[in-house]
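# Structural characterization, general
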Amino acid sequence: MPQGTLVEVKLRNRVVRGVILESVDEPSFACEAISQILPESFTQIYLEIFHFISQYYLCSVGEAAGLFTPVVTTEAVPHANTACDIALSARQQEAYRFVKSHDVSLLFGDTGSGKTEIYMKLLEDVIGEGKRAIFLMPEISLTPQMQKRLKQKFGDLVAIWHSKITKKRKTEILSAIGSGAVKIVAGARSSLFVAMPDLGAIIVDEEHDDSYKASNRPRYHARDLAIYMGKKVGARVVLGSATPALTSYYKFPFFRLKETFFDTKKSITFLHEEEGISERIRDALSQTLAQNHQAIIFLPTRANYKYLTCMACGKFVECPFCAVGMSIHNERNALRCHYCNYMQRIPKECPACGSAALKSNRIGTAQVVAELSEKFPDKVFMKFDRDEVTTQTKLKKILKAFNDHEIDVLVGTQMLSKGHDYHDVRLAVIFGIDTILAQADFRARERAMSLLLQVAGRSGRKGEGKVLVQTANAEFFEHYIGDYEHFLKDELTFREGLYPPFKKLMKFMIAHKSRQKALEILERLQGCLGSVEDVEVVGFGEAPIARIAGKFRFQVLLRADSAKALLQVAHRCRQQDCEVDIDPVSFS
Ligand SMILES: [Zn+2]
Ligand SMILES: [Zn+2]
């Protein structure tokens with residue numbers, strides 16, 4: 001049987017799928033016979049990709065293969081010609097020629113500079129060559145607007161793919177890819193794993209977005225994997241962002257596309273005030289709303305407040321299962337843990353000392369909506385966070401209502417910043433950017449700066465726009481706000497010799513119900529690490545969040561010049577109840 005063939009095997013009462021990796025003589029242990037040979041198969045190149053993922057992201061070959069969906073090709077792909085109706089400006093033409101002349105390149109284009117037209121032109125070319133393409137975007141950017149643009153241009157040649165589409169729809173799409181009826185798969189990071197034959201291009205939009213990194217094993221990064229796969233299968237890879245990741249900016253040839261589409265006049269004001277809705281913010285909001293324009297308000301915190309703190313002993317109410325404060329959700333009269341979802345009633349007294357002097361702090365989206373709805377009773381405020389936007393349908397509904405002016409103000413978390421096109425937003429208010437800047441993470445500055453620009457970019461896309469930022473670090477933000485590239489250049493000097501892109505990082509993460517057991521694993525790990533060369537232990541000990549869902553957590557962070565050195569250590573020192581994360585993006 002050829003390598004890569006899919007088969008079914010009965011294991012106990014279950015039928016499981018498998019991939020033929022190689023043929024061997026019958027082993028001495030008990031074996032099950034293959035019950036069915038399926039029509040699908042993976043090519044040799046894909047088998048190599050599985051092995052790479054298994055080695056690099058430390059999982060089994062089976063786990064790697066399990067990410068992918070095979071396609072059965074039923075016909076030779078007919079060439080498809082779509083109407084060449086994309087008009088590019090002179091500068092866009094230049095950008096287009098640039099990405100066409102590189103295998104991997106970065107389209108570093110401001111919000112509103114017209115990256116989408118260039119993507120469309122590239123997709124049109126790929127189809128014209130009789131090839132296929134994958135268009136990746138963060139799940140939350142999979143908005144009706146982007147889908148509409150793709151559908152308008154490519155009709156049924158494009159299929160939208162994400163983790164929540166039904167099995168039936170998936171089967172339909174896969175057969176349409178096989179017959180050549182579908183040539184572009186567009187969607188969230190899982191689209192990368194549709195094993196498209198004759199792949200000509202992979203586009204990664206919003207390439208800086210951390211949601212491309214999987215938070216469970218295999219902990220792959222879809223952008224990095226797209227680059228690897230592109231090389232393997234001979235497909236062009238185009239990364240796009242207004243605020244590219246420092247690593248992408250450093251590693252790949254880029255084309256700078258500045259905002260030209262709309263002549264926007266933006267003003268940014270930094271407010272050195274304490275947290276909360278100040279008079280200046282209220283006035284600005286009042287002015288914008290009086291003219292029937294819209295506003296967005298960003299906060300990094302969900303719920304009403306992040307903490308319930310005791311004024312007597314200074315402790316905040318912690319989740320009994322996690323070493324984190326519980327958030328206040330007034331609509332349910334509950335404290336809720338955002339890590340394990342444990343809920344309890346809001347206590348009247350401090351559980352630690354019994355004092356009744358409890359105070360809530362770190363304002364969240366729900367509270368801002370509640371307070372502003374009271375101040376502006378004839379305006380509609382809507383939460384835009386993970387509590388509110390739980391499905392794609394809800395996301396579409398809220399965005400539609402906002403663009404139809406049924407909602408005046410969106411109050412949201414990072415979700416606000418993700419590539420949505422708001423037509424009439426004239427004011428963006430940004431709270432809590434300092435808490436992002438203060439995170440114990442080598443990318444804290446990059447995160448904060450990029451987030452600020454992404455949110456600010458949503459205001460005034462077709463006219464005048466105002467941005468208010470509440471921060472004690474105005475100097476830092478002011479210095480770079482007009483020039484993200486300047487920021488990236490400075491950040492490079494700061495990272496030299498310490499962090500990516502100059503060094504590679506890897507993290508061991510231990511989690512165990514018994515603290516004693518967790519410490520033993522840490523000890524064994526340290527024993528193993530004591531003898532390694534070319535790898536530096538940056539830090540080890542309790543994780544910043546020392547317990548989640550009843551498990552005690554410890555971490556070891558390693559640094560080396562090459563991934564190879566780290567991977568050797570990973571394969572040699574791996575332990576039970578200890579996950580390995582290469583190129584980590586989260587350090588909590
Ligand atoms: Zn207390
Ligand atoms: Zn919890």
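Quick look at the structure, then. (Residues numbered from 1 in each chain as written. Chains lettered and ligands numbered in written order. Predicted model: local features only at pLDDT ≥ 70, side-chain atom pairs only at ≥ 80, totals over all residues. Heavy atoms only, no water.)

## Overview of the state of the cysteines
Covalent bonding between the sulfur atoms of two cysteines defines a disulfide. Test applied: In this description, the term disulfide denotes a pair of cysteine sulfurs within 2.5 Å. Put simply, DSSP marks the helices as runs of H or I at least four residues long and the strands as runs of E at least two long, and each gets a number from the N terminus on. Exposed residues in this analysis have more than 50% of their type's maximum accessible area, buried residues have under 20%, and partly exposed residues fall in between, with area computed by a 1.4 Å probe over protein chains only.
Tallied over the entire structure, the rule returns 1 disulfide. Here Cys528 pairs with Cys573 through a disulfide, and the sulfurs are 1.9 Å apart. With the S-S bond torsion at -75°, the cross-link from Cys528 to Cys573 turns out left-handed. Remark: Cys573 occurs in helix α17 (residues 563-573) and Cys528 occurs in helix α16 (residues 515-529); sequence separation between them is 45 residues. Assigned by exposure class, Cys528 and Cys573 land together as buried.

## A closer look at the sheet that holds strand β22 (residues 504-512)
What counts is decided by this rule: If DSSP finds at least two bridges between two strands, the strands pair. Geometry is summarised by axes, namely lines fitted to C-alpha atoms with helices restricted to the contacting stretch, and by angles between N-to-C directions that run from 0 to 180 degrees. Here, two residues are considered to be in contact whenever any of their heavy atoms come within 4.5 Å of each other.
On the basis of which strands lie adjacent, the open sheet formed by 4 strands has the order β23-β24-β22-β25 and antiparallel pairing. Pairing within the sheet leaves two strands with one partner each, and these edge strands are β23 (535-548) and β25 (578-582). Averaged over all pairs of adjacent strands, the angle between strand axes in this sheet comes to 20°, irrespective of strand direction. Contacts between α16 and the sheet are confined to β22, β23, β24 (551-560) and β25, with β24 contributing the most and set at about 15° to the helix.

## Section: helix α4 (residues 115-128)
Under the convention used in this document: Each residue after the first adds 1.5 Å to the expected span of a helix.
The terminal C-alpha atoms of α4, which comprises 14 residues, lie 20 Å apart, in line with the 20 Å expected from a rise of 1.5 Å per residue. Of all 14 residues in α4, 13 are buried; the element is thus mostly enclosed. Remark: Gly130 follows α4 within two positions and exhibits a positive phi of approximately 75°.

## Description of the coordination of the zinc ion (ligand 1)
This is how it is decided: Counted as donors are N, O and S atoms no farther than 2.8 Å from the metal, or 3.2 Å for Na, K and Ca; water is not among the atoms, and sites may therefore look incomplete. Every angle between 85 and 135 degrees makes a four-donor site tetrahedral, while opposite donors more than 155 degrees apart, with all other angles between 65 and 115, make a four-donor site square planar and a six-donor site octahedral; other sites are irregular.
Within the protein, the atoms that donate to the zinc ion (ligand 1) are Cys310 (SG), Cys313 (SG), Cys350 (SG) and Cys353 (SG), at distances of 2.3 to 2.4 Å. Relative to the metal, the 4 donor atoms surrounding the zinc ion (ligand 1) lie at angles of 104 to 115°, and the coordination shape comes out tetrahedral. Motif for the zinc ion (ligand 1), donor spacing along one chain: C-x2-C-x36-C-x2-C. For Cys310, a relative accessible area of 2% translates into the label buried. Cys313 gets classed as partly exposed once you look at its relative accessible area, which sits at 33%.

## A closer look at the sheet that holds strand β3 (residues 34-41)
Hydrogen bonds between backbone atoms are what pair the strands of a sheet, whose relative direction is either parallel or antiparallel. Read across the open sheet, the 3 strands follow the order β2-β1-β3; overall the sheet is antiparallel. Sheet topology places β2 (14-19) and β3 at the edges, where each strand pairs with a single neighbour. Averaged over all neighbouring strand pairs, the angle between strand axes comes to 30°, with direction disregarded. Summarising the sheet, strand β1 (residues 5-11) and β3 pair through 4 bridges and their orientation is antiparallel. Bridging from a neighbouring strand, Val7 pairs with Ile37 of β3.

## Regarding the packing of aromatic side chains
To be explicit about the condition: Each Phe, Tyr or Trp ring (for Trp, its six-membered ring) is paired with any other whose centre lies within 6.5 Å, and the angle between the two planes then decides the class: stacked below 30 degrees, edge-to-face above 60, tilted in between. To sit over a ring, a charge needs its Lys NZ or Arg CZ within 6 Å of the ring centre and within 35 degrees of the ring normal.
Enumeration over the complete set of coordinates arrives at 27 aromatic pairs. A ring pair is formed by Phe193 and Tyr220, whose centres lie 5.0 Å apart and whose planes are at 90°; its orientation type is edge-to-face. Of this pair, Phe193 sits in the loop between β7 (184-187) and β8 (199-205) while Tyr220 sits in the loop between β8 and α7 (222-233), and the two are 27 residues apart along the sequence. Given the relative accessible area of 2%, Phe193 is considered buried. Geometrically, the ring pair formed by Phe321 and Tyr342 is edge-to-face, given 5.2 Å between the ring centres and 75° between the ring planes. Of this pair, Phe321 sits in the loop between β13 (305-310) and β14 (327-329) while Tyr342 is found in the loop between β15 (334-336) and β16 (343-345), placing the two residues 21 residues apart along the sequence. Here a set of aromatic residues connected by ring pairs shows up, and it is made of Phe108, Tyr249, Phe254, Phe476, Phe477, Tyr480, Tyr484 and Phe487. Positioned above the aromatic ring of Phe494 is the side chain of Arg445, whose terminal nitrogen or guanidinium carbon lies 4.4 Å from the ring centre.

## Topic: the coordination of the zinc ion (ligand 2)
Listed as protein donors to the zinc ion (ligand 2) are Cys319 (SG), Cys322 (SG), Cys337 (SG) and Cys340 (SG); their distances from the metal cover 2.2 to 2.3 Å. Around the zinc ion (ligand 2) sit 4 donor atoms; with metal-centred angles ranging over 107 to 112°, the donor geometry is tetrahedral. Between consecutive donor residues of the zinc ion (ligand 2), the sequence gaps follow C-x2-C-x14-C-x2-C. In this pair, Cys319 sits in the loop between β13 and β14 while Cys340 sits in the loop between β15 and β16, placing the two residues 21 residues apart along the sequence.

## Focus: the environment of Ile430
Checked against the element boundaries, Ile430 lands in strand β20 (residues 425-430). Under the relative-accessibility criterion, Ile430 is labelled buried at 1%. For Ile430 and Leu452, which are 22 residues apart along the polypeptide, the C-alpha to C-alpha distance reads 7.6 Å. Discounting chain neighbours no more than four positions away, the residues touching Ile430 are Phe298, Leu452, Val455, Ala456, Val467, Leu468, Val469 and Gln470.

## What about the side chain of His208?
Mapped onto the elements, His208 comes out in the loop between β8 and α7. The exposure class assigned to His208 is buried, which follows from its relative accessible area of 15%. Residues in contact with His208, not counting those within four places in the same chain, are Arg223, Ser241, Thr243, Pro244, Ala245, Ser450 and Gln454.

Honestly, that's just the spatial picture; any functional story needs more than this.
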